[in-house]
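Each chain, letter by letter, is given below.
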Amino acid sequence: MAAPVEKKVTVASVATYLGSTGLLAVLTAVQDNAGLVAGLPDGIEPFVLALIPTALTFVSGWAAKHTPRA
């Protein structure tokens, strides 16, 4: 039988999903306005935008408590 998934993994996964979909919604809303990332060089923009869900995953995984082990 597989071990149960730790809360940290679940919280980080949900935060990544919500962060990614939220980021896509924001980018869709400002699609015609490049002001969101206008100050960045074109080659760096996708990497900076990818940092947002990555940071959400890190912070939520770090903040969530470990699942107690029996």
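Small disclaimer: the values here were computed from a predicted structure and weren't measured. (Residues numbered from 1 in each chain as written. Predicted model: local features only at pLDDT ≥ 70, side-chain atom pairs only at ≥ 80, totals over all residues. Heavy atoms only, no water.)

Please give an account of the overall build of the protein chain that cites residues and values.
Along its length, the protein chain carries 2 helices and 0 strands. Out of the 70 residues belonging to the protein chain, those deemed buried represent 17%. Within the protein chain, counting contacts between residues at least 6 apart in sequence, those at least 24 apart form 77% of the total. Only carbon and sulfur atoms are counted for the fraction: they give 72% of the accessible area of the protein chain, which is about 5,600 Å². (Helix = DSSP H or I, 4+ residues; strand = E, 2+ residues; numbered from the N terminus. Buried < 20%, exposed > 50% of the residue type's maximum accessible area, 1.4 Å probe, protein only. Contact = heavy atoms within 4.5 Å. Areas by Shrake-Rupley, 256 points an atom, 1.4 Å probe, with all protein chains shown as cover.)

Give me helix α2 (residues 45-63): which residues, what numbers.
Taking 1.5 Å of rise per residue, the 19 residues of α2 would be expected to cover 27 Å, and the 28 Å separating its terminal C-alpha atoms lies within 8% of that figure. At Ile 52, α2 shows its strongest bend, of approximately 25°, with the proline Pro 53 following within four residues. Looking at α2, one finds that the buried residues are Glu 45, Leu 49, Pro 53, Ser 60 and Gly 61. (Expected span 1.5 Å × (residues − 1). Bend = angle between axes of the 7 residues up to and from the residue.)

Quick one: what's the story with a nonpolar patch on the surface, residue by residue and with numbers?
Side chains of Val 14, Tyr 17 and Leu 18 sit close together on the surface and give an oily, nonpolar patch of about 330 Å² of accessible area. Relative to the assigned elements, Tyr 17 resides in helix α1 (residues 7-29). Classification of Tyr 17 as exposed rests on a relative accessible area of 56%. (Patch = residues over 30% accessible without salt bridge, like charges linked within 9 Å, V, L, I, M, F, W, Y side chains within 5 Å. Salt bridge = Lys/Arg side-chain N within 4 Å of Asp/Glu carboxyl O.)

Go over the environment of Gly 22, please, and point to the residues and values.
Following the sequence through the fold, Gly 22 ends up in helix α1. Given the relative accessible area of 30%, Gly 22 is considered partly exposed. Separated by 31 residues in sequence, Gly 22 and Pro 53 place their C-alpha atoms 9.3 Å apart.

Give a description of the side chain of Lys 8 that names residues and reports values.
Structurally, Lys 8 can be placed in helix α1. Leave out the neighbours within four places in its chain, and Lys 8 touches Gly 61, Trp 62, Ala 64, Lys 65 and His 66.

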